[in-house]
Amino acid sequence: MKHGGVRWINGRPEKLRDFSVNLNPIYPDFIEGLINEAIKEKVYLYYPDNYEKLRENIAEIYDVDEDYIGVFNGASEVINLLEPRVVPEPNYVEYKRSYIYFAEERENYFIYRLQGNKVIISNPNNPTGAKIDLKEIKKFLEEGKDLVVDESFADISLVDSAKKFVKDYDNLLIVSTFTKSLSIPGLRIGFTIGKRSKELEKNSPPWRINSIAYYILSNANPKEIKDFFRKSRDLLASLLENFRIREERRRVTIYKSFAPYVLVRFPINVRFINSYLRSKGFLIRDCSNFVGLNEFYGRISLRKDYQELVNEIDEFLSNSSI
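Presented here is a report on the structure given in the accompanying data block. Since we're looking at a predicted model, the values are computed, not measured.

Bringing a nonpolar patch on the surface into the picture now. Nonpolar side chains collect at one region of the surface, where I39, Y44, L45 and Y46 lie side by side and expose about 470 Å² of accessible area between them. Checked against the element boundaries, L45 lands in the loop between α1 (29–40) and α2 (52–62).

Put simply, E89 and P90 share a cis peptide bond, and its omega is 0°. Along the chain, the position of P90 falls in the loop between β5 (85–89) and β6 (97–102). A cis geometry characterises the amide bond from N123 onward to P124, with omega recorded as 0°. With respect to the element layout, P124 can be found in the loop between β9 (118–122) and α4 (134–142). Unusually for a residue other than glycine, Y51 sits at a positive phi of about 70°. The residue Y51 is located in the loop between α1 and α2 in this model. Phi at W207 is positive, roughly 55°, even though this residue is not glycine.

Relative to each other, α2 and helix α7 (residues 211–219) sit at 45°, their axes nearing to 8 Å. By the criterion of interaxial angle, the relationship of α2 to α7 is oblique. Crossing geometry of α2 relative to α7 is assigned as left-handed. Facing α2, whose interface residues are E52, K53, L54 and N57, α7 presents Y214, L217, S218 and N219. Looking at the contact of α2 with α7, its residues break down into 3 nonpolar, 3 polar and 2 charged.

Here Y215 is to be found in helix α7. Residue classification places Y215 among the buried positions, given a relative accessible area of 16%. Taking the C-alpha atoms as reference points, Y215 and E41, separated by 174 residues in sequence, lie 10.0 Å from one another. In terms of polar contacts, Y215 uses its side chain to reach the side chain of E37, at 2.4 Å.

Next up on the list: the pattern of salt bridges. Across all of its chains, the model carries 19 salt bridges by this definition. With its nearest N and O atoms 2.5 Å apart, the salt bridge here joins E104 to R106. E143 is the partner of K139 in a salt bridge, and the nearest nitrogen-oxygen pair spans 2.9 Å. Salt bridges sharing partners connect three or more residues here, namely E83, R85, K118, D146 and R196.

Generally speaking, nonpolar side chains in soluble globular proteins are found buried as a group. Within the largest apolar cluster, 50 residues are counted, with the highest numbers of intra-cluster contacts made by I137, L147, L172 and F178. Tallying contributions element by element places α2 first for this core, with 5 residues. Excluding residues within four positions of it along the chain, F178 makes contact with I58, I61, Y62, S183, I184, I189, F191, L217 and F229.

The buried count for strand β17 (residues 297–301) comes to 5 of 5 residues, which makes it a mostly enclosed element. Taking every second residue as pointing to the same face, both faces of β17 are buried, with Y297, R299 and S301 on one and G298 and I300 on the other. Where strand β14 (residues 261–265) and β17 come together, 5 bridges link them in antiparallel fashion. What sits directly across from V262, in β17, is I300. Bridge count for strand β16 (residues 285–286) against β17 is 2 bridges, and the pairing is antiparallel. Bridge assignment links R285 to a residue of β17, and that residue is R299.

In the structure shown here, the tally under the stated rule is 16 aromatic pairs. Ring centres of Y47 and W207 lie 4.8 Å apart, and the angle between their planes is 35°; this geometry places the pair in the tilted category. Of this pair, Y47 sits in the loop between α1 and α2 while W207 sits in the loop between α6 (197–202) and α7, placing them 160 residues apart in sequence. Classification of Y47 as exposed rests on a relative accessible area of 64%. Taking relative accessible area as the criterion, W207 reaches 52% and is therefore assigned exposed. Centre to centre, the rings of Y92 and Y95 are 5.3 Å apart; their planes meet at 75°, and the pair counts as edge-to-face.

Rules of the game
- Residues numbered from 1 in each chain as written.
- Predicted model: local features only at pLDDT ≥ 70, side-chain atom pairs only at ≥ 80, totals over all residues.
- Heavy atoms only, no water.
- Patch = residues over 30% accessible without salt bridge, like charges linked within 9 Å, V, L, I, M, F, W, Y side chains within 5 Å.
- Areas by Shrake-Rupley, 256 points an atom, 1.4 Å probe, with all protein chains shown as cover.
- Salt bridge = Lys/Arg side-chain N within 4 Å of Asp/Glu carboxyl O.
- Helix = DSSP H or I, 4+ residues; strand = E, 2+ residues; numbered from the N terminus.
- Axes fitted to C-alpha atoms, helices over the stretch in contact; angles between N-to-C directions.
- Parallel < 35°, antiparallel > 145°, perpendicular 65-115°, else oblique.
- Left-handed = near helix turned anticlockwise from the far one by under 90°.
- Contact = heavy atoms within 4.5 Å.
- Nonpolar A, V, L, I, M, F, W, Y, C, P; charged D, E, K, R; others polar.
- Buried < 20%, exposed > 50% of the residue type's maximum accessible area, 1.4 Å probe, protein only.
- Polar contact = N/O pair within 3.5 Å; in protein donor to acceptor, adjacent residues only side chain to side chain.
- Core = buried A, V, L, I, M, F, W, Y, C linked by side-chain atoms within 4.5 Å.
- Pairing = 2+ DSSP bridges.
- Phe/Tyr/Trp six-rings, centres within 6.5 Å; stacked < 30°, edge-to-face > 60°.

What follows is the structure, given as structure tokens:
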């Protein structure tokens, strides 16, 4: 599967503990209440309006001017509206590439630097979990070069957002989503922060946000969301600090991550690992379709119950004849 995730069988999602899709390790209780409220109010009977309240809430959450906000049907819609750009690899597979170059891979981490005139990057990087320094971003912008920063995981990661630069630099666009940070992949809410947002919205279809998703994010309390993000980052710091896979004879490499997922290089094809894990009710992300990686790389989402998954991986590697 191109992006990971469980399969839908006969119209229902497969019952697996899915570590292949990167979501917040915790789920916000207030979202459940708003979903139930939206259904009770039968908001699905109505077209969403012009998204003013949604933009207002997003602007308050990120402490930016409302005029800089654009709303879309997930971050993927924004990415599809962008022209091809230079991409440092490995990176998110859906970016349109005009040219690629490779990040510097050290023993257990990646270093991403900016090259070219029109670049798109993810921060933290998907799939490696690496981060890019804001000094590097600012220097690139000061040179007048065009930059899109995909911050789809930034709200719940140990990285600094570039949003503070949007007021001073017309050549910066930030792309993000609530899909990951609020653990609502089925409710498609993406947004941009930057002076190009209105221009991008003009090229997107009307009614692109469904009424239930619009109701939830328009009625959620921005302060509650910001508090939830802080709580999520605190939890992530603890999960990352304690994440271990048995590294006997240096057969496994765990890459340093600042994101709610970790990249792992295994001594065996991830397809075989996943075959075993499926029999135990688990799934991780096969990273063989990321440029610069291969069939030995897997990405593991940091759910709170990851230790049970790791125990199964340890068991499989211990019994494998490698």
